[in-house]
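An overview of the molecular structure
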Amino acid sequence: MHGLLGVLFLVIILIFVLTASSTDDEESFSWDLQNLQRFVKCRDKHYEGTKEFYFNYWVLKNYIRAEHGPLSCFSNVTYTTHADYRYLDNLVPLLERWRSPLSLALYAPGADFQPTLDSILWLRQCHPGSHLVRELTSFHFYFDVNHLPQVVPRSKVALRKEVNCSAPPPYKNVKMDQMYRGQKRLDYPVNIGRNLARFASLTHFVLASDIELYPTPGLVPNYLKFYSRKVLGKHGIVSLSRLVHVLRIFEVQANETIPKTKPELQRMFRSGAAVLFHINICADCHRGPLLEEWMNETVKSQDLNVFNVAHRTQPYNTWEPIFIGTVDDPPYDERLSWEGQRDKMTQAYAMCVLGYEFHILDNAFLVHKPGIKRGRPHMGFFQAQRTDTLINRKILRELHVMYGSRSGCLI
Ligand SMILES: *[C@@H]1O[C@H](CO)[C@@H](O)[C@H](O)[C@H]1NC(C)=O
Ligand SMILES: *[C@@H]1O[C@H](CO)[C@@H](O)[C@H](O)[C@H]1NC(C)=O
Ligand SMILES: *[C@@H]1O[C@H](CO)[C@@H](O)[C@H](O)[C@H]1NC(C)=O
Ligand SMILES: *[C@@H]1O[C@H](CO)[C@@H](O)[C@H](O)[C@H]1NC(C)=O
């Protein structure tokens with residue numbers, strides 16, 4: 001009898017300790033949020049759908065909204081990205097890891113509009129992860145004024161349509177030459193999409209990334225905690241605006257699963273199952289300083305820290321880091337297309353001149369959807385020439401006027 005009472009007593013104590021520690025965590029997180037609210041300079045945005053005319057494009061911002069509703073601007077991080085509907089198979093695997101707001105700009109000219117919309121409806125109605133899509137994803141559409149869809153239903157009407165869940169997803173196995181975009185040989189206006197997705201973010205902090213790059217799970221709560229405890233207070237408010245947090249990027253073999261933690265990544269890196277992103281295409285674009293040291297470092301907890309601080313000056317002027325920054329970072333140049341390449345270089349140059357610090361995080365990273373790229377994807381020769389001419393003759397001069405210059409900053 002006494003034994004039983006003793007056990008009961010222990011169990012009660014254990015329950016008490018467990019619940020006390022979990023409320024402790026919640027309390028300290030709410031302290032972090034208060035801290036962020038006090039020091040992060042941002043303004044909440046209305047969450048509404050708009051139709052806008054923008055630089056030869058029609059833009060349907062928040063055409064399909066996430067069910068999370070309005071957000072406090074300091075309280076979360078938004079993954080901002082762009083795609084055409086062929087890439088929508090990445091959405092759920094990405095959300096399963098990210099579990100936070102996602103702002104996605106879709107290029108949907110002409111007859112690509114309907115399958116794009118149907119793909120979204122399929123994801124929202126049929127996919128086993130449909131709840132994540134509905135809860136977290138805001139979809140924006142854009143298309144050239146000269147390539148309008150036949151009809152653009154109001155989003156309420158569009159959402160009422162029921163799709164056939166027994167049919168395969170409309171984004172599956174679509175080839176470029178089946179698409180309107182392929183048939184009309186339209187270049188992909190990547191930077192319109194990047195700017196649109198970022199501009200539509202309800203939160204101040206954004207991870208502007210590629211839809212095929214999946215982050216480590218738990219990144220957003222870990223980042224907000226890190227920012228509240230280790231970044232605020234350490235840097236003045238002024239320098240905070242010139243500081244971003246870099247995530248290193250890796251690829252894994254096609255038959256491997258994506259590592260969830262740094263120790264897993266380190267094991268896979270040593271065995272060759274994981275490699276640096278684009279190692280066969282442009283290793284310099286992604287290595288950045290101190291990769292080997294970063295790989296050797298043993299992490300002891302889930303917490304984030306800065307491993308090293310980098311600048312985008314020589315010899316790292318071809319580095320294309322992906323980072324958690326803010327909606328106030330310099331925009332992407334909307335005249336540059338995907339096919340023309342160098343599409344992120346002008347933003348990087350502006351950040352270099354402005355003296356941005358790139359703080360590389362020790363314990364968070366991105367991994368590309370499995371499969372190691374061997375060669376460059378098909379790029380347009382003429383578009384690349386046009387981009388070079390545009391940058392050399394026009395954009396460089398503009399950047400000097402708008403941002404000034406600084407030694408070591410190259411485009
Ligand atoms: C739904 O799709 C399946 C598989 O493609 C097909 O067999 C079925 O006829 C479709 N149902 C309707 C109502 O269209
Ligand atoms: C961010 O927002 C999403 C959607 O509302 C929510 O599920 C998640 O818990 C939020 N993250 C944090 C750290 O509050
Ligand atoms: C993937 O393939 C490689 C080479 O064929 C093999 O060495 C490795 O064990 C495979 N990995 C898994 C997880 O099956
Ligand atoms: C990383 O660790 C390996 C094995 O311990 C060692 O040989 C190598 O020198 C280390 N590299 C760096 C850059 O620290």
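See the structure shown above.
Summarised in this report is the structure supplied together with it.

What counts, and at which threshold
Residues numbered from 1 in each chain as written. Chains lettered and ligands numbered in written order. Predicted model: local features only at pLDDT ≥ 70, side-chain atom pairs only at ≥ 80, totals over all residues. Heavy atoms only, no water. Helix = DSSP H or I, 4+ residues; strand = E, 2+ residues; numbered from the N terminus. Rg over C-alpha atoms; globule rule 2.2 N^0.38 Å. Buried < 20%, exposed > 50% of the residue type's maximum accessible area, 1.4 Å probe, protein only. Contact = heavy atoms within 4.5 Å. Areas by Shrake-Rupley, 256 points an atom, 1.4 Å probe, with all protein chains shown as cover. Lys, Arg positive; Asp, Glu negative; His and termini not counted. Charge placed at Lys NZ, Arg CZ, Asp CG, Glu CD. Phe/Tyr/Trp six-rings, centres within 6.5 Å; stacked < 30°, edge-to-face > 60°. Lys NZ or Arg CZ within 6 Å of the ring centre and 35° of its normal. Near = heavy atom within 4 Å. Polar contact = N/O pair within 3.5 Å; in protein donor to acceptor, adjacent residues only side chain to side chain. Patch = residues over 30% accessible without salt bridge, like charges linked within 9 Å, V, L, I, M, F, W, Y side chains within 5 Å. Salt bridge = Lys/Arg side-chain N within 4 Å of Asp/Glu carboxyl O.

Digging into the overall build of the protein
Helix and strand counts for the protein stand at 13 helices and 12 strands. Over its C-alpha atoms the protein spans a radius of gyration of 23 Å, differing by no more than 12% from the 22 Å that the globule rule assigns to 411 residues. For the protein, buried positions account for 51% of its 411 residues. Sequence-distant contacts in the protein: of pairs separated by 6 or more residues, those separated by 24 or more amount to 84%. Carbon and sulfur atoms provide 55% of the accessible area of the protein, an area that totals close to 20,300 Å². A distance of 3 Å separates the average location of the 48 positive side-chain charges in the protein from that of its 40 negative side-chain charges.

Here we look at the environment of Glu 67
Here Glu 67 lies in the loop between strand E2 (57-64) and strand E3 (77-83). On a C-alpha basis, the gap between Glu 67 and Leu 88 in space is 19 Å, while along the polypeptide they are 21 residues apart. In contact with Glu 67, other than residues within four places in its own chain, are Arg 124, Arg 134 and Glu 135.

Some remarks on the packing of aromatic side chains
One pass over the full model with this rule turns up 20 aromatic pairs. Consider the rings of Tyr 79 and Trp 98, whose centres lie 5.5 Å apart with planes at 75 degrees: the pair is edge-to-face. Highlighted residues: Tyr 79 in strand E3 and Trp 98 in helix H2 (residues 91-98), separated in sequence by 19 residues. Take Tyr 79: its relative accessible area is 0%, and that puts it in the buried class. Within the aromatic cluster, the residues linked to one another by ring pairs are Tyr 57, Tyr 107, Tyr 142, Tyr 188 and Trp 338. Between the NZ or CZ atom of Arg 65 and the centre of the ring of Tyr 47, over which it lies, the distance is 5.7 Å.

Structural notes on unusual backbone geometry
The amide bond that connects Gln 314 to the next residue, Pro 315, takes the cis arrangement and shows omega of 0 degrees. Relative to the elements of secondary structure, Pro 315 occurs in the loop between strand E10 (306-310) and strand E11 (322-326). If you check the backbone angles, Phe 55 has positive phi at about 50 degrees while not being a glycine. Within the secondary structure, Phe 55 is located in the loop between strand E1 (50-54) and E2. A positive phi angle, close to 55 degrees, is found at Asn 62, a residue other than glycine.

Points about the environment of His 140
Tracing the chain through its elements places His 140 in strand E5 (residues 137-144). Owing to a relative accessible area of 0%, His 140 belongs among the buried residues under this scheme. When the C-alpha positions of His 140 and Tyr 107 are compared, they lie 8.6 Å apart, and in sequence the two are 33 residues distant. Residues contacting His 140, with those up to four places away along its chain left out, are Leu 60, Lys 61, Asn 62, Ser 103, Leu 104, Ala 105, Leu 106, Leu 196, Ala 197 and Ala 200.

Remarks on the site of ligand 2
Neighbouring ligand 2 are Phe 29, His 68, Ser 75, Asn 76, Pro 101, Glu 135, Leu 136 and Leu 224. Taking Asn 76, its side chain carries an N or O atom lying 2.3 Å from an oxygen atom of ligand 2. For ligand 2, whose accessible area on its own is 360 Å², the fraction buried by protein is 65%.

Some thoughts on a positive patch on the surface
Taken together, the side chains of Lys 51, Arg 65, Arg 154, Lys 156 and Arg 160 define a basic patch exposed on the protein surface. Position of Arg 160 among the secondary structure elements: in helix H5 (residues 155-160). Given the relative accessible area of 60%, Arg 160 is considered exposed.

Just geometry here; none of it tells us what the structure is for.
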